[in-house]
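Structural description and commentary
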Amino acid sequence: MKIICIIKQVPDAEARIRSTAAGIDLEGVTFVIDGMDEYGVEQALRIRESGVEAEIIAVALGPKRYEEAIRTALAMGADRAIHLETEEAFDPITQAKLLAKVVGEEAADLLLVGGKEADWDSAALGAATAEALGWPHSDWTTELELTANSAKVTHDADEGSEVLTLPLPAVITTQQGLNEPRYPTLPNIMKAKRKELKKLSLDDVGGAVSKIVILKQEIQTRERLNKIIEGDPMEAAQQLVKLLQQDKVI
Amino acid sequence: MVNEIAILDTKQMNFALPEDLLMMQRSVREFAKREIEPLAAELDKRPQFPWQTLSMMGEMGLLGIMTPERYGGAGLDTLSYVVLLEEIAAADAAHSTIMGVTSGLPQDILLNHGSAAQKERYLPKLASGEWIGSFCLSEPHCGSDAVAMKARALKVDGGYKLSGTKAWITSGGEAQVYLVMAKTDPTAGARGVSCFVIEKGTPGMYFGKPEEKLGQHAAITTTVSFDDCFVGDDALVGSLGQGFVIAMSSLDSGRIGIGAQAVGISRAAFELARLYAAERQAFGKSIREFQGVSFKLADMATRIEAARLLTYRAAWLKDRGYRVTQEAAMAKLFASETSAFVTHQALQILGGYGYSKDYPAERYFRDARVTEIYEGTSEIQRMVIARQVYRDLGN
Ligand SMILES: Cc1cc2nc3c(=O)[nH]c(=O)nc-3n(C[C@H](O)[C@H](O)[C@H](O)COP(=O)(O)OP(=O)(O)OC[C@H]3O[C@@H](n4cnc5c(N)ncnc54)[C@H](O)[C@@H]3O)c2cc1C
């Protein structure tokens with residue numbers, strides 16, 4: 001079978017990111033493969049290691065710098081990669097349409113997508129790609145088991161979890177808990193350099209126009225009140241309740 | 001002093017690390033930060049040989065970096081080794097000591113001097129981390145003057161009988177494979193020393209209690225004693241009487257590793273002090289704005305950079321087949337003294353918190369100290385270098 005893992009590159013969680021009038025300044029920031037996408041790659045590798053004959057392809061849509069994240073997926077064990085290279089930023093619906101073309105062309109049986117992007121926090125891509133492909137979709141997936149032509153999944157629902165079976169081909173988006181991704185071994189990092197990384201341009205997949213235009217970007221900051229209530233616990237608790245009521249929290 | 005190596009290679013001068021090495025560095029940094037660094041304080045408080053993380057390192061290929069792929073290693077060069085060892089040392093010095101010994105000494109020795117059978121038997125298990133290796137040269141009464149060793153290997157029918165005590169053995173009792181230097185001819189000085197590979201569990205081999213040390217507690221250190229311990233002829237590594245030469249030549253690569261380790265500890269201490277100085281306020285500003293603090297940071301950064309370059313260069317020359325006795329000694333000497341300087345200054349910059357176990361500054365300070373002692377003290381490195389600078393006039 002053919003498994004495609006969608007890869008995104010995001011700033012390292014510890015990176016200090018500045019916001020300027022022109023938008024988010026990513027100068028000097030370390031980028032890594034999105035952790036949610038790593039779950040996808042790891043799951044694909046585990047499927048293969050369980051004895052299923054599978055070719056694993058990492059696919060990314062993004063700027064040139066994404067190459068590093070793609071190499072990480074290859075170093076983890078993906079067989080080859082396709083990089084749809086563009087410096088333009090697209091909305092998830094347009095991204096999904098572009099990626100669906102690549103996935104369709106490869107005639108994949110299973111598509112693994114990160115549950116939520118670590119930078120802009122969008123969780124739309126998996127669902128949108130399923131829609132574009134007309135495939136069934138399981139979101140927030142924490143368990144995945146393959147049978148001959150279906151996938152049995154456990155996924156988080158609003159209150160609790162559900163177990164579903166989906167006919168293949170299908171789109172699975174990942175959730176924390178699906179697995180514990182491996183670290184690439186040194187020999188596999190060396191090998192990753194020699195694996196195929198095919199480049200595609202937007203024209204190769206018919207081009208695209210984003211449905212949204214970004215006017216301004218800002219970093220979310222949380223102002224804290226820094227109120228510390230001291231003294232006798234009983235009195236402090238009463239004061240806390242009063243404050244919470246005042247601010248209409250309770 | 002004319003350095004011919006530098007003249008030969010000026011056309012190739014290139015300070016960029018290869019792309020795949022950068023990727024390995026990033027990957028190992030991430031691993032060390034996530035898996036090793038969080039354990040360091042606890043391992044310091046309640047020392048335990050860190051088998052679990054060592055086995056993860058083994059899986060990644062970090063315990064056999066320079067051992068060829070044919071023997072299950074990663075088949076990389078010395079430069080890769082020092083770059084990656086620095087990453088482990090920055091997370092926890094004890095891990096890097098165990099890593100440095102098992103890869104820099106036993107694997108290096110077996111690879112260069114072992115018989116085909118010895119290589120087949122030991123290298124794959126050492127390179128994968130299934131087994132850890134130890135190096136036994138020092139004794140309770142002699143370290144710098146290693147030729148004064150008393151350990152004796154007496155020729156008997158079919159093999160040798162060893163007796164004597166080795167001291168300060170890193171991974172003693174935990175390691176499976178011991179490269180032991182003992183005298184086969186006590187009248188022949190350095191030429192009377194031979195090297196043996198001995199497995200844990202051999203009758204007549206005993207381990208002492210872990211030494212209580214200043215730092216690096218998880219890198220367990222014990223004595224290893226031999227009491228009429230019989231080993232077969234096939235335990236001899238290299239030829240009879242070659243043991244001292246083997247030990248000294250492996251120390252060339254071992255010392256480059258200590259250089260990398262010292263750079264790693266220094267880097268961790270510097271990074272801690274750098275961030276602390278940007279946050280801590282005194283007299284209405286952050287302390288980094290005081291020249292007295294910022295100049296310390298400037299000196300620390302400069303020395304770390306110099307130490308790293310000396311270490312890289314020694315590794316790079318070794319990879320090109322040069323004998324690096326002098327360069328390895330210089331890298332080890334400068335990097336270890338740098339780590340003492342940098343960890344001292346880092347502790348100072350953190351003030352009272354530097355002296356407290358709430359921050360790792362005091363641990364870095366303790367962990368760094370031994371880099372000036374093992375694999376040849378700073379005094380011994382200076383002797384080696386001084387001898388080398390008069391090479392042309394004859395030693
Ligand atoms: C944590 C730790 C781990 C170790 N791991 C190992 C290991 O795995 N295997 C192993 O074989 N050994 C190991 N050692 C031993 C280490 O290599 C020795 O401690 C070191 O070589 C110094 O020897 P020594 O302690 O006998 O000191 P000595 O040789 O007694 O030296 C004492 C002092 O005298 C100085 N000195 C000696 N000779 C001269 C001279 N000619 N000129 C000027 N100064 C001189 C020394 O520099 C030192 O300051 C380890 C030591 C430690 C502390």
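Within any chain, residue numbers begin from 1 and follow the written order of that chain's sequence. Written order determines the labels here, with chains lettered from A and ligands numbered from 1. Residue-level local features of this predicted model are given only where pLDDT is at least 70; pairs of side-chain atoms are given and counted only at 80 or more, and the full residue set underlies all totals for whole chains, interfaces and linings. To obtain the side-chain values, all non-hydrogen atoms of the structure were used and water was disregarded.

**A closer look at the packing of aromatic side chains**
Given two aromatic rings, their pairing is described by the distance between the two centres and the angle made by the two planes. Keep this limit in mind: We call Phe, Tyr and Trp rings a pair once their centres come within 6.5 Å, taking the six-membered ring for Trp, and we label the pair stacked below 30 degrees between planes, edge-to-face above 60, and tilted otherwise. Throughout, exposure labels follow a simple rule: accessible area from a 1.4 Å probe, protein chains only, divided by the maximum for the residue type, with under 20% read as buried, over 50% as exposed, and the rest as partly exposed. Helix numbering and strand numbering both begin at the N terminus, where a helix is a DSSP run of H or I of at least 4 residues and a strand a DSSP run of E of at least 2. Whether a charge sits over a ring depends on NZ of Lys or CZ of Arg being within 6 Å of the ring centre and within 35 degrees of the ring normal.
For the coordinates displayed, the defined rule picks out eight aromatic pairs over all chains. Residues B:Phe49 and B:Trp51 carry aromatic rings whose centres are separated by 5.1 Å and whose planes lie at 65° to one another, so their mutual orientation is edge-to-face. Overall, the relative accessible area of 34% leaves B:Trp51 in the partly exposed class. Geometrically, the ring pair formed by B:Tyr160 and B:Phe196 is edge-to-face, given 5.0 Å between the ring centres and 65° between the ring planes. You can see B:Tyr160 sitting in strand β3 (residues 159-170) and its partner B:Phe196 sitting in strand β5 (residues 193-199), a full 36 residues away along the chain. Just above the ring of A:Phe31 sits the side chain of A:Arg65; from NZ or CZ to the centre is 3.9 Å. For the cation-ring pair, B:Lys155 lies above B:Tyr160, with the distance from its terminal atom to the ring centre recorded as 4.7 Å.

**Observations concerning empty space enclosed by the protein**
Residues and elements named next belong to chain B. Basically, it comes down to this: Both cavities and pockets are sets of points on a 1 Å grid over the protein atoms alone; in a cavity a 1.4 Å probe fits but cannot get out, in a pocket the set is open with protein on both sides within 12 Å along at least five of seven lines, and lining residues sit with an atom within 4 Å of a point. Grid points are joined across faces, edges and corners, and a volume is the space filled by probe spheres set on the points. Residues are grouped as follows: Ala, Val, Leu, Ile, Met, Phe, Trp, Tyr, Cys and Pro are nonpolar; Asp, Glu, Lys and Arg are charged; every other residue, Gly included, is polar.
Tallying each qualifying case throughout the model produces one cavity of 30 Å³ or more. By volume, the largest cavity is sized at about 40 Å³. As for the largest cavity, its lining consists of Ala40, Leu43, Asp44, Asp92, Ala94, Gln216, His217, Ala218, Arg363 and Asp367. Counting residues per element, the ones that place at least two in the lining of the largest cavity are α2 (19-45) and α11 (361-369). A per-element tally of the lining of the largest cavity places α2 first, with three residues. For the lining of the largest cavity, the residue count by class is four nonpolar, two polar and four charged.

**Digging into the nonpolar core**
Defined as follows: Side-chain atoms within 4.5 Å link the members of a nonpolar core, which is a set of buried Ala, Val, Leu, Ile, Met, Phe, Trp, Tyr and Cys residues. The contact definition used throughout considers only heavy atoms, calling two residues in contact when any of these lie within 4.5 Å.
With 100 residues, the main nonpolar core has B:Leu62 and B:Leu162 as its most contacted residues. Aside from chain neighbours lying at most four places away, what touches B:Leu62 is A:Leu186, B:Val28, B:Phe31, B:Met57, B:Leu84, B:Ile88 and B:Met99. Residues B:Val263, B:Ala269, B:Leu272 and B:Ile304 belong to the second largest nonpolar core, which totals 27 residues.

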